[in-house]
Amino acid sequence: MGNAVIEIVTETDFTALMIAVRDRQDKTAFAALFQHFAPRVKGFLMKSGTDAALAEDCAQDVMAVLWHKAALYDPARASVATWVFTIARNRRIDVARKARRPEPEELDWGETEPDQADVYEAGQETARLVAAMADLPEKQRALIQRAFYADLSHSEIAAETGLPLGTIKSRIRLALDRLRQNLS
């Protein structure tokens, strides 16, 4: 193994390296940033309570973000170190939130037959609704059908029928009140 040369890199050098990554996707500059910041990010995460393996994974993610989002770096807004450690802090928060999030409960989507009482009750409600709709005046029934069955907005119904928007709204409101009374 040859003599290792230890370089002291200043913040100006980090900025120049980051700009090279940002502007030219310079892999050598990225390697220098990675070599400097990855161990420090891992240490920062471990001091924040993250276990070593997860801190290593997060540090790798942070450096990947640095590479992929290099175009977003603006030296006028933050130093490279500030930017990197902000990404690390946000990643640590994301991991902590994910760890606290409960696993979704198992849903049984198996083929089960519906309860016959529920089917009967739904049929009865449908029959009552059909009867209540039949009791509406034709002008109100037509508007309810357009609004709820054809899924048209009040404005679309007004454009389609040529009726004023206020008339459409009033008739639908009256029809809904009448349906509510008939169904209760």
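Being a predicted model, the structure only gives us computed values, none of them experimental.

Colleague: How should I be thinking about the nonpolar core in this particular structure?
Modeller: Soluble globular proteins tend to pack their nonpolar side chains together in the buried interior. Judged by nonpolar contacts, the single largest core of 25 residues is most densely connected at Met-18, Leu-33, Leu-66 and Val-80. Of all elements in the fold, only helix H1 (11–24), helix H2 (27–47), helix H3 (52–68) and helix H4 (80–100) reach the threshold of two or more residues within this core. Per-element tally for this core: the top contributor is H2, with seven residues. Discounting chain neighbours no more than four positions away, the residues touching Leu-33 are Phe-14, Leu-17, Met-18, Val-21, Ala-38, Met-63, Leu-66 and Val-80.

Colleague: I keep staring at the packing of H3 against H4 and nothing clicks. Help me out?
Modeller: Each pair of packed helices gets described by two things: the angle between the helix axes and the distance between those axes. The geometry of H3 relative to H4 is characterised by a closest axis approach of 9 Å and an angle of 130 degrees between their N-to-C directions. As the angle between them shows, H3 and H4 are arranged oblique. For the pair H3 and H4, the crossing hand works out as right-handed. Within the contact between the two elements, H3 uses Leu-54, Cys-58, Asp-61, Val-62, Val-65 and Leu-66 and H4 uses Trp-83, Val-84, Ile-87, Ala-88, Arg-91 and Val-95. Residue composition of the contact of H3 with H4, by class: ten nonpolar, no polar and two charged.

Colleague: Help me understand the packing of aromatic side chains, please; the structure alone is not making it clear to me.
Modeller: How two aromatic rings sit relative to each other is given by the distance of their centres and the angle of their planes. Scanning all chains against the criterion turns up six aromatic pairs. Taken together, a centroid distance of 6.3 Å and an interplanar angle of 70 degrees make the contact between Phe-37 and Phe-85 edge-to-face. You can see Phe-37 sitting in helix H2 and its partner Phe-85 sitting in helix H4, a full 48 residues away along the chain. Between the aromatic rings of Phe-44 and Phe-85, the centroid separation amounts to 5.6 Å while the plane-to-plane angle is 80 degrees, which identifies the pairing as edge-to-face.

Colleague: Even after reading the chapter, I still don't get the environment of Tyr-149, so can you show me in this structure?
Modeller: Secondary-structure assignment places Tyr-149 in helix H6 (residues 138–149). Overall, the relative accessible area of 57% leaves Tyr-149 in the exposed class. Dropping the residues within four chain positions of it, Tyr-149 is found in contact with Leu-129, Met-133 and Ile-144.

Colleague: Sorry, what's going on with the side chain of Thr-50 here?
Modeller: Inspection of the secondary structure assignment puts Thr-50 in the loop between H2 and H3. On the basis of relative accessibility, which here comes to 13%, the residue Thr-50 falls in the buried class. Ignoring anything within four residues of it in the chain, the contact list for Thr-50 reads Leu-45, Ala-55 and Arg-92.

Colleague: Before we go on, may I ask you to explain the packing of H2 against H3 in this structure?
Modeller: For the pair H2 and H3, the least separation of the axes is 9 Å and the interaxial angle reads 145 degrees. Between H2 and H3 lies a crossing of right-handed hand. In contact with Lys-27, Phe-30, Leu-33, Phe-34, Phe-37, Ala-38, Val-41, Lys-42, Leu-45 and Met-46 of H2, H3 contributes Ala-52, Ala-55, Glu-56, Cys-58, Ala-59, Gln-60, Val-62, Met-63, Leu-66 and Trp-67. When its residues are assigned to classes, the contact of H2 with H3 shows 16 nonpolar, one polar and three charged.

Each value, and the rule that gives it
- Residues numbered from 1 in each chain as written.
- Predicted model: local features only at pLDDT ≥ 70, side-chain atom pairs only at ≥ 80, totals over all residues.
- Heavy atoms only, no water.
- Core = buried A, V, L, I, M, F, W, Y, C linked by side-chain atoms within 4.5 Å.
- Buried < 20%, exposed > 50% of the residue type's maximum accessible area, 1.4 Å probe, protein only.
- Helix = DSSP H or I, 4+ residues; strand = E, 2+ residues; numbered from the N terminus.
- Contact = heavy atoms within 4.5 Å.
- Axes fitted to C-alpha atoms, helices over the stretch in contact; angles between N-to-C directions.
- Parallel < 35°, antiparallel > 145°, perpendicular 65-115°, else oblique.
- Left-handed = near helix turned anticlockwise from the far one by under 90°.
- Nonpolar A, V, L, I, M, F, W, Y, C, P; charged D, E, K, R; others polar.
- Phe/Tyr/Trp six-rings, centres within 6.5 Å; stacked < 30°, edge-to-face > 60°.

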